[in-house]
Amino acid sequence: MLWNPYLGQTKWIRPRNTLHIFDSFALGYNNNRNHKILSFFYEDERNRTGRGWNIDVYDFSSNSWRTVIDDNTYRDELCYHSGVSLKGNTYFFDREVTTEAQVRTEELMVTNIEDYLLCFDFITERFGPR
Amino acid sequence: MLFIPPSPIFEYLTLSWARDDKLAVLYSHYDTFDIVEIWISTKIEPNSVSWSTFLTVDMSLINGLTDDFLIRFEAKSFFIDEEKKVAVLFDYKVTETGHYQMAYIVGDNGYFKSVNIGVISNSRWLGGKVVCSSYVPSLLQL
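Basis of the calculations
Residues numbered from 1 in each chain as written. Chains lettered and ligands numbered in written order. Predicted model: local features only at pLDDT ≥ 70, side-chain atom pairs only at ≥ 80, totals over all residues. Heavy atoms only, no water. Pairing = 2+ DSSP bridges. Helix = DSSP H or I, 4+ residues; strand = E, 2+ residues; numbered from the N terminus. Axes fitted to C-alpha atoms, helices over the stretch in contact; angles between N-to-C directions. Buried < 20%, exposed > 50% of the residue type's maximum accessible area, 1.4 Å probe, protein only.

Q: I'm lost on the sheet that holds strand β3 (residues 24-29) of chain A in this one. Help?
A: Residues and elements named next belong to chain A. Read from one edge to the other, the open sheet built from four strands follows the order β3-β4-β5-β6, with strand pairing classed as antiparallel. In this open sheet, the two edge strands, each paired with only one partner strand, are β3 and β6 (64-67). Strand-to-strand, the axes of this sheet are offset by a mean angle of 25°, without reference to chain direction. The sheet contact formed by β3 and strand β4 (residues 35-42) spans six bridges and is antiparallel.

The following block contains the structure:
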């Protein structure tokens, strides 16, 4: 449910997927002040993109969902913390985890973790550079 | 890079905002976790953000820390007041009688105040997350 507390207005939006407790959302707008919702819908089974989340944008002007084009297959960290919406865009801390296969046990070992700030641009509907 | 942590290993790193469309970052060192650093943005674009130091708080200088602040604190949510030069950090406290929402106000020269906002649950085991969120009055029609 969308809510503008100042006007006391509410509006229901049909989600693209079944809702899950791990889902998270962010608000933004483009240069025409057309508002949009960025959604991370959790998938119990790893989905078609290879990660556990479907990332979509809901456009208030067309009342429809679009899939976000994103090459990064690891966005778990992004979905666990809420972002900060500013000047129409949303900023997040994301994390890059480098893993290395251990030869003997065939397990993956984390070799490096890098945290970085990331912007979701609501004009282009893409994640920005690190 | 929009933001580079002083060290890649840290105790916590949390993002928040300040008045007039500014970002704020709360950072605690891994080895000296009682040093809490807060930065504020000076310029924001989707591709570049610049920063200046807002507040560095040495929690070990604060006498009589209440509510096990340093032991239990996990910076999940906070906001800053640039004019008053304080930060308000949100967390919860667990006691025999339940979970409580807490706000911790930190500032210059060892200023520290803890406020019990209210009960989350009457269970010792069942808690909840305390987060603050910003809202600027908007005339957007839904």
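Q: Explanation requested: unusual backbone geometry in the structure shown.
A: Trans peptide bonds make up most of the peptide bonds, and negative phi angles are found at most residues other than glycine. Within the chain, A:Glu125 stands out as a residue other than glycine whose phi angle is a positive 60°. Looking at the element boundaries, A:Glu125 is found in the loop between β9 (108-121) and β10 (126-127). Exposure remark for A:Glu125: the relative accessible area of 13% places this residue in the buried category. Of note in this structure, B:Lys85 is not a glycine but carries a positive phi near 55°. Mapped onto the secondary structure, B:Lys85 falls in the loop between β5 (77-81) and β6 (86-95). B:Lys85 gets classed as partly exposed once you look at its relative accessible area, which sits at 35%.

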